[in-house]
Each structure stands twice: as C-alpha cells, then as structure tokens.
Amino acid sequence: MEEILVEIFDRFKFDHFFKILLKNGFDNDEALNFILNNCKLSTLVYQERIENEFYKRMSANDKLSDDLMKLISEIKIEIISKLN
C-alpha cells in the first residue's frame, strides 16, 4: 500500500498546519516530528522553518509571522507597480 504524504511547499501552509497541530495538543517538537514523518517539504520550508529552528518559537495563537507579512507587502507593491 502506497503512503500518501501531504505536500507542504510554502511557509504559509507550514505555519498553518503547524499551528493546527499545536492547537490539538502537540508540543512544538511533536508537531515537527509529525510533519517530518507525514509530509513532503520544500527546501525553502525546511530551511526557513526547521533548520533555523523557527518552529520552536511558534505558538498556536501566533498571528502571521513577520517574514510572511513582509512577503505579502512586497507582492502587493509589485502588483501595484505593474498596474501603473
């Protein structure tokens, strides 16, 4: 039987899924282990959330992280500049 892994290729999805696990009683290390064993991760997600240990600072009630807020702002600016 083939195992199906959830694909987590962006930081938004990682953060969202990680917070769901935290809200359901996992601690940060348990949530990470669950993701590592059940998900396919992109290199970016692995570097930005796991390798640099960002996941250790996350909590279930966190708002959108600063790096993702910055990314959204950059995308908005790019879209607006293309409209002109």
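Since the structure is predicted, the reported quantities are computational estimates derived from the model, not experimental observations.

This part takes up the overall build of the protein chain. Looking only at helices and strands, the protein chain has four helices and two strands in total. Across the protein chain, helices and strands are ordered from the amino to the carboxyl terminus as β-α-α-β-α-α. On C-alpha atoms alone, the protein chain measures out to a radius of gyration of 15 Å, which is more than a quarter above the 12 Å that the 2.2 N^0.38 rule sets for 84 residues. The dimensions of the protein chain, computed from C-alpha atoms along their principal axes, are 50 × 30 × 20 Å. At a minimum sequence separation of 6, the contacts of the protein chain that also span at least 24 residues come to 64%. The average position of the 12 basic charges and that of the 16 acidic charges among the side chains of the protein chain differ by 7 Å.

Moving on, we get to the pattern of salt bridges. This structure, assessed with the given rule, holds six salt bridges. The residue D67 makes a salt bridge to R11 at a minimum N-O spacing of 3.3 Å. Of this pair, D67 sits in helix α4 (residues 66-83) while R11 sits in helix α1 (residues 11-23), and the two are 56 residues apart along the sequence. Exposure remark for R11: the relative accessible area of 15% places this residue in the buried category. Here E78 ties to K82 by a salt bridge, and the two come within 3.4 Å at their closest N and O atoms. Of this pair, E78 and K82 both sit in helix α4, four residues apart, which is roughly one turn of that helix. Sharing partners across several salt bridges, the network here consists of R11, D15, R49 and D67.

Our focus in this paragraph is α1. A rise of 1.5 Å per residue sets the reference length of α1, with its 13 residues, at 18 Å; its end C-alpha atoms lie 18 Å apart and thus fit the reference within 8%. Regarding α1, the residues found buried are R11, F14, D15, F18, K19, L21 and L22. Down the axis of α1, the smallest arc covering the buried residues is 155°, so these residues share one side. Opposite its buried face, α1 presents the exposed residues H16 and K23, each directed more than 90 degrees away. For α1, the secondary structure elements touched by its buried residues are β1 (6-8), α2 (28-38), α3 (43-51) and α4. N-capping of α1 is provided by D10, with a side-chain oxygen placed 3.0 Å from the backbone N of F12.

Once that is clear, we can look at unusual backbone geometry. Its identity is not glycine, yet E53 carries a phi of approximately 65°, on the positive side. Positionally, E53 belongs in the loop between α3 and α4. When its relative accessible area of 40% is taken as the criterion, E53 is described as partly exposed.

Scoring rules and cut-offs
Each residue is numbered by its place in its chain's sequence as written, counting from 1. In view of the model being predicted, local features appear only for residues whose pLDDT reaches at least 70, and side-chain atom pairs are presented and counted only at 80 or more, with totals across whole chains, interfaces and linings using the full set of residues. As a rule here, side-chain values come from all non-hydrogen atoms in the structure, and water together with hydrogens is ignored. The helix count covers DSSP runs of H or I at least four residues long, the strand count covers runs of E at least two residues long, and both are numbered beginning at the N terminus. C-alpha atoms define the radius of gyration, and 2.2 Å times the number of residues to the power 0.38 defines the globule rule. In what follows, residue pairs with any heavy atoms lying within 4.5 Å of each other are defined as contacts. The positive count covers Lys and Arg only, the negative count covers Asp and Glu only, and His and the chain ends enter neither. Positions of charges follow a simple convention, taking NZ of Lys, CZ of Arg, CG of Asp or CD of Glu. Counted as salt bridges are all cases of a side-chain nitrogen of Lys or Arg within 4 Å of a carboxyl oxygen of Asp or Glu. Partly exposed describes any residue whose relative accessible area lies between the buried limit of under 20% and the exposed limit of over 50%, with all areas from a 1.4 Å probe on protein chains only and scaled to the type maximum. By definition here, a helix of n residues has an expected span of 1.5 Å times n minus one. Starting at the helix axis, one direction is taken to each C-beta atom, and the arc is that of these directions. In protein, a polar contact requires one atom able to donate a hydrogen and another able to accept it; more generally it is a pair of N or O atoms within 3.5 Å, and residues adjacent in sequence count only if both atoms are side-chain atoms.

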